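Topology and contacts: notes
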Protein chains: 6
Amino acid sequence: MPMFELVEYAAAPNEVKSVYDDIMKTRKVDWINNFWKALAVHPPTLRRIWGNIKLVMAPGALDALTKEMIYVAVSVTNDCEYCMHSHMASARAKGMTDEMLAELLAVVGVANENNRLANGYRVPVDEQFL
Amino acid sequence: MPMFELVEYAAAPNEVKSVYDDIMKTRKVDWINNFWKALAVHPPTLRRIWGNIKLVMAPGALDALTKEMIYVAVSVTNDCEYCMHSHMASARAKGMTDEMLAELLAVVGVANENNRLANGYRVPVDEQFL
Amino acid sequence: MPMFELVEYAAAPNEVKSVYDDIMKTRKVDWINNFWKALAVHPPTLRRIWGNIKLVMAPGALDALTKEMIYVAVSVTNDCEYCMHSHMASARAKGMTDEMLAELLAVVGVANENNRLANGYRVPVDEQFL
Amino acid sequence: MPMFELVEYAAAPNEVKSVYDDIMKTRKVDWINNFWKALAVHPPTLRRIWGNIKLVMAPGALDALTKEMIYVAVSVTNDCEYCMHSHMASARAKGMTDEMLAELLAVVGVANENNRLANGYRVPVDEQFL
Amino acid sequence: MPMFELVEYAAAPNEVKSVYDDIMKTRKVDWINNFWKALAVHPPTLRRIWGNIKLVMAPGALDALTKEMIYVAVSVTNDCEYCMHSHMASARAKGMTDEMLAELLAVVGVANENNRLANGYRVPVDEQFL
Amino acid sequence: MPMFELVEYAAAPNEVKSVYDDIMKTRKVDWINNFWKALAVHPPTLRRIWGNIKLVMAPGALDALTKEMIYVAVSVTNDCEYCMHSHMASARAKGMTDEMLAELLAVVGVANENNRLANGYRVPVDEQFL
C-alpha cells in the first residue's frame, strides 16, 4: 500500500493538475499512472521528477526505445517492481518484442555476474582502456 | 592488485590458450584483456564465462551496441570500475559517441533515483501494467 | 511468510521474555513487533540485535528523530519493505511530518542518482575534500 | 581518471559558465568542485542536476545539515567514494562533528544489517505499521 | 505475476523438454520449479543458465551444502525473494538445520554492516593482507 | 585515506586498549588490523562491532571457515575492497585453497546473475518452497 493516499485528478490542486495535463499531452495518453499520483502529495517533487523524465527520456542521441531498455536494465538490477512493470510496458509500446526483452534480461544477468567476478578477482584495469 | 597472478598467454596451459585464441578470433583483436587473464587461474570458470559472453553479447534481436550500453548501465549502477572501463571501450568501438554516453548516464541516474522514489512511496502497480 | 514461526510472548522461553520485557520498557510500549518475534527463534541473535539497536538508536550527538530518518534513508535505498514501514512509523511517532518525509525521500532519490553519475563519470575526488 | 576531460571555468562555454556562477553564488564559494566539471561535458545534465541539488538540498521542513547527513548515509550504503568525501565535507561545514559522524555511520551500519535480517527472516509487516 | 506465461512440460517444445529432463535426472526429482518454466520462454537462456547451475553448484573443492549456503547469503544480501525460498529449500534438503540457517543469517547481517563501516571510515587495506 | 586518523595501540585510551587486547588474545595474533584502528575513534562502536564479530564468527553450528566464506561472498557482492582482502586472508588462514576460492566466486557470480533473472522474469514462488 502507498505511503500516502494517491492524488486523483479530480481532487488535485491546480499545480498538480497542470503537471498531469502535461504528462498526458506529452505522452498522448488519457490517464495518469500511480507513480505520479503518489509523488503528487509533494508538488515540488512531482514537478521536479516529471521535468527529469520529460528531458531525459525524450529521443536524442539515443532513441526512445533504447532509453526505455536501459531504464529497465537498471530497474531489474535494483529489483524495483513498480519500475520494471511500468517501463517494460513503455518499452513494449515503443516496439520491444519478447525476444528483445529476453536478450535484455540475459545481458543484465551476465553483467551482474561479471561485475562480481571482476570485483572478486580484483582485476586491474588494462592500460588500453584508460 | 589481483587476487591471483594474471595468466599470460605464453605461460598458459593448453585449455586456457584455446579459450584465449577463441576470444581473439571472435573479437578480431590480437591481445587478451585482464579479465580473462584473471579468470584463467580457474579454467572451468574461464570457459564458462567466455561461453556466456560469446552467446549473450552477440547481435540477435538486439544489436551489439545496444547490448554493450545495457552492460554499461548495469556496471555503473553496481559501480564496477573494471566493467565500466572495459565495456565503455567496447561500446565506443561499436559506435557510441560522447553524446550517447552522456544520455546513457542520464537515464541510469534518473532510473536509480526513481527506483527509490517508487519504493519509498510504496507505489502500487497499476492494473494497466499487469 | 516468515522463515520460522513467530515467537509469541506467552510461548517464549525466559531468555526471550527478558529481551521482550526490555524492549517494551525501553520503548514505553505494550506490544512486540514482528521483527523481534522472528529473530527470537535464535536467542543469541535476538539479544545481539536488540543490544545494537538499543545502543545505536538512543539519542546522543544526534537526536532520536534524525537517527530514525537516517535509518529510513538506508532502508529505502536497499528497498527493505519491513524496515521502511517500521522505521517510518518510529520516525512519525518522534515528530516526522508528511512534508519532512517527502523531503527525506527527495534527498534519498537525488543521492542515489548522483552516486551513479559520480561513479559513471569517474569523478576524481577534489584535493579540497581530502 | 574521469571519463571525459574536466571542463574548467576559463574554457567553459557560456551556458556552463552561468551554471558555475550560480553554484558559486548559491553556495558562497569561489571554486567549482570536480563533480560539476565532469558533468559539464553535457550541459543539459549539468543544468538538470544542479537544479535538482539546488532545490532538494535547500533548507525546508528539514534543515540543510540533516539533508547532508541523509545524503552521506545513502552514499555510504552505495559506497560512492566521491559522494562520501564531498558530502561529508559539506556536512562538516554545516556543523557535523566527529561524534555526529560516528553516530551517523553506526546507524547506517545497523540499518544495513537489519535490512538483511528482516529480508532473510521474511518478517511480515505488522498491522500496526500499515 | 510472471512476465511471461510459464512453460509447462506438456506444452514445451523438444529443446525445452530435454533441459527439463536433464534437470529432473540430475536432481533426482520429478517436477520442475518455476524458475526454469519462466526462463523456458527463451530456450537459449534456459540452456545457458541450467549449464551454469549444473557446473557451478556440483560438489567440487566445496561441498554442495556450502555452495547452497553461499548462494543463500548472496540472495539475502540482494533481497531476491524467489532465490531465498528456492535455495533455502535446497540447503535444507542437503542438511542445513534451523541453527545453521540462523548462524548463516547472522554472518550475512554482520558482513553487510561491516562492509558499510569499512567503506564509511575509508579504512586503508593493511599491507599484511596484500 | 581514512576519514579519521587511525588509533595506534601506544596512543590508545585504556578502553580502546582493552578491546585491542581482547582481539589479539581471541585471534592469537600480535597486531591489530586497520579496521579496528579506524573504528577506535569512537569507542562505543569499536566495542559493539568487536562484540558482534566475536560472537557471530566463532564456530557453532557452522564452522569458522564456512562463516568466513559466507562473509567473503557478501563482501564481493557489495564490492567492499577492505572486507574482501581481510576476510579472504582469514579464510585462507583457516584452510581455504585457491580452488575453493575460485568455486566460491563462481557461486557468487551465478547467484548474482540468477537473482536478477528471477526478479526480471518475476518468477512466482513455488508452493513446494513455502
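This one's a predicted model, so the numbers in the text were calculated from it and none came from an experiment. (Residues numbered from 1 in each chain as written. Chains lettered and ligands numbered in written order. Predicted model: local features only at pLDDT ≥ 70, side-chain atom pairs only at ≥ 80, totals over all residues.)

1. Regarding the overall build of chain A
Going by this rule: A run of H or I in DSSP counts as a helix once it spans at least four residues, and a run of E counts as a strand once it spans at least two, with each numbered from the N terminus. We take the radius of gyration over the C-alpha atoms and set the globule estimate at 2.2 Å times the residue count to the 0.38 power. Three classes are used. A residue is buried when 20 or more other C-beta atoms lie within 10 Å of its own, exposed when 12 or fewer do, and partly exposed in between, with C-beta atoms placed from the backbone.
Check the secondary structure of chain A and you find 6 helices and 0 strands. Taken from the N to the C terminus, the helices and strands of chain A come in the order α-α-α-α-α-α. Relative to its length of 130 residues, chain A is extended, with a C-alpha radius of gyration of 18 Å against a globular reference of 14 Å. Based on the C-alpha atoms only, the size of chain A along its principal axes is roughly 55 × 30 × 30 Å. For chain A, buried positions account for 54% of its 130 residues.

2. Side note on the relation of the copies chain E and chain C
Applicable threshold: Superposing copies: least-squares fit, C-alpha atoms only, residues required to have pLDDT of at least 70 in both.
Laying chain E over chain C is done by rotating through 120° and shifting 0.0 Å along the axis; what remains is an RMSD of 0.0 Å. What the superposition gives is, in effect, a three-fold axis relating one chain to the other.

3. Some details on the domain arrangement of chain A
Defined as follows: Residue ranges for the domains trace back to a domain assignment, done automatically or taken from a database.
Assigned domains within chain A: domain 1 (1–56) and domain 2 (61–121). Its C-alpha centre places domain 1 of chain A at a distance of 25 Å from the equivalent point of domain 2 of chain A.

4. Overview of the packing of helix α1 (residues 14–27) of chain E against helix α3 (residues 43–56) of chain E
Residues and elements named next belong to chain E. Definition in use: To define axes, lines are fitted to C-alpha atoms, for helices over the stretch in contact only, and angles between the resulting N-to-C directions are given on a 0 to 180 degree scale. Orientation categories follow fixed angle ranges, with anything under 35 degrees roughly parallel, anything over 145 roughly antiparallel, 65 to 115 roughly perpendicular, and all other angles oblique. Less than a right angle of anticlockwise turn of the near helix away from the far helix marks a crossing as left-handed, whereas a clockwise turn marks it as right-handed. Residues are treated as contacting if the C-beta atoms built from their backbones sit within 7 Å of each other. When residue character is reported, Ala, Val, Leu, Ile, Met, Phe, Trp, Tyr, Cys and Pro are called nonpolar, Asp, Glu, Lys and Arg charged, and the others, Gly included, polar.
Look at α1 against α3: their axes get within 10 Å of each other, and the N-to-C directions meet at 20°. Overall, the two elements α1 and α3 adopt an arrangement that is roughly parallel. Of the two possible hands of crossing, α1 and α3 adopt the one that is left-handed. Only Pro-43, Leu-46, Arg-47, Trp-50 and Lys-54 of α3 make contact with α1, whose side of the interface consists of Glu-15, Val-16, Val-19, Ile-23 and Thr-26. For the contact of α1 with α3, the class distribution of residues is 6 nonpolar, 1 polar and 3 charged.

5. Considerations on the interface of chain C and chain D
The partner chain D presents 57 residues to the 57 residues of chain C that form the contact. Elements that contribute at least two residues to the side of chain C that touches chain D include exactly α2 (34–39), α3 (43–56), α4 (64–78), α5 (81–93) and α6 (98–120) of chain C. In terms of residue class, the side of chain C that touches chain D is built from 36 nonpolar, 15 polar and 6 charged.

6. Looking at the relation of the copies chain C and chain D
Taken as rigid bodies, chain C and chain D are interconverted by a rotation of 180° and an axial shift of 0.0 Å, the fit giving an RMSD of 0.0 Å. What the superposition gives is, in effect, a two-fold axis relating one chain to the other. Comparing interface residues between copies, 100% of those in chain C also lie at the interface in chain D; the contact surface is shared.

7. Quick word on the packing of helix α6 (residues 98–120) of chain A against helix α3 (residues 43–56) of chain B
α3 of chain B packs onto α6 of chain A with a crossing angle of 150° between their chain directions and a minimal axis gap of 10 Å. The pairing of α6 of chain A with α3 of chain B is recorded here as roughly antiparallel in orientation. Every pair of crossing elements has a handedness; the one defined by α6 of chain A and α3 of chain B is left-handed. Across the interface between the two elements, Ala-106, Val-107, Val-110, Asn-114 and Leu-117 of chain A from α6 of chain A touch Ile-49, Asn-52, Ile-53 and Val-56 of chain B from α3 of chain B. Residue classes in the contact of α6 of chain A with α3 of chain B are distributed as 7 nonpolar, 2 polar and no charged.

8. What about the environment of Ile-53 of chain B?
Positionally, Ile-53 of chain B belongs in helix α3. Remark: the alpha-carbon pair of Ile-53 of chain B and Ile-23 of chain B, spanning 30 residues in sequence, is separated by 10.0 Å.

9. Examining helix α5 (residues 81–93) of chain F
Rules: Each residue after the first adds 1.5 Å to the expected span of a helix.
Its 13 residues place the ends of α5 of chain F 18 Å apart at the C-alpha level, agreeing with the 18 Å of an ideal helix rising 1.5 Å per residue. Among the residues making up α5 of chain F, those that are buried are Tyr-82, Cys-83, Met-84, His-85, Ser-86, His-87, Met-88, Ser-90 and Ala-91 of chain F. Where α5 of chain F is buried, its residues meet α6 of chain A, α6 (98–120) of chain E together with α2 (34–39), α4 (64–78) and α6 (98–120) of chain F. Note on α5 of chain F: the residue one or two positions beyond its end, Gly-95 of chain F, has a positive phi of about 115°.

10. Thoughts on the environment of Gly-120 of chain E
Within the element layout of this structure, Gly-120 of chain E appears in helix α6. When the C-alpha positions of Gly-120 of chain E and Asn-52 of chain E are compared, they lie 35 Å apart, and in sequence the two are 68 residues distant. Apart from the residues lying within four places of it in its own chain, the contact partners of Gly-120 of chain E are Val-76, Met-84, Leu-105 and Val-108 of chain D.

11. Looking at helix α3 (residues 43–56) of chain F
Each full turn of the α-helix corresponds to 3.6 residues, which orients residues three or four apart in the same direction. Compared with the 20 Å implied by 1.5 Å per residue over 14 residues, the 20 Å span of α3 of chain F between its first and last C-alpha is a close match. Taken as a whole, α3 of chain F has its buried residues at Thr-45, Leu-46, Arg-48, Ile-49, Asn-52, Ile-53 and Val-56 of chain F. Residues of α3 of chain F that are buried in the fold lie against α3 of chain C, α6 (98–120) of chain D, α6 of chain E together with α1 (14–27) and α2 of chain F.

12. Thoughts on unusual backbone geometry
Residue Asp-79 of chain B is not a glycine yet carries a positive backbone phi of 55°. On the secondary structure map, Asp-79 of chain B appears in the loop between α4 (64–78) and α5 (81–93). Phi angles above zero are rare outside glycine, and Lys-28 of chain C is one such case at about 55°. Position of Lys-28 of chain C among the secondary structure elements: in the loop between α1 (14–27) and α2. Its 6 C-beta neighbours within 10 Å are what place Lys-28 of chain C among the exposed residues.

13. Looking at the confidence of the model for chain A
Short version of the rule: For every residue, the predictor assigns a confidence score, pLDDT, that lies between 0 and 100.
On average, residues of chain A carry a pLDDT of 96, and 98% of them reach 70 or more. Quick note on the complex model: pTM equals 0.97, ipTM equals 0.97.

14. Structural notes on the environment of Val-107 of chain D
Among the secondary structure elements, Val-107 of chain D is positioned in helix α6. Its 23 C-beta neighbours within 10 Å are what place Val-107 of chain D among the buried residues. The spacing of Val-107 of chain D and Asp-21 of chain D is 86 residues in sequence and 37 Å in space, taken between C-alpha atoms. Here Val-107 of chain D is in contact with Val-56, Lys-67, Ile-70 and Tyr-71 of chain C, once residues within four sequence places are set aside.

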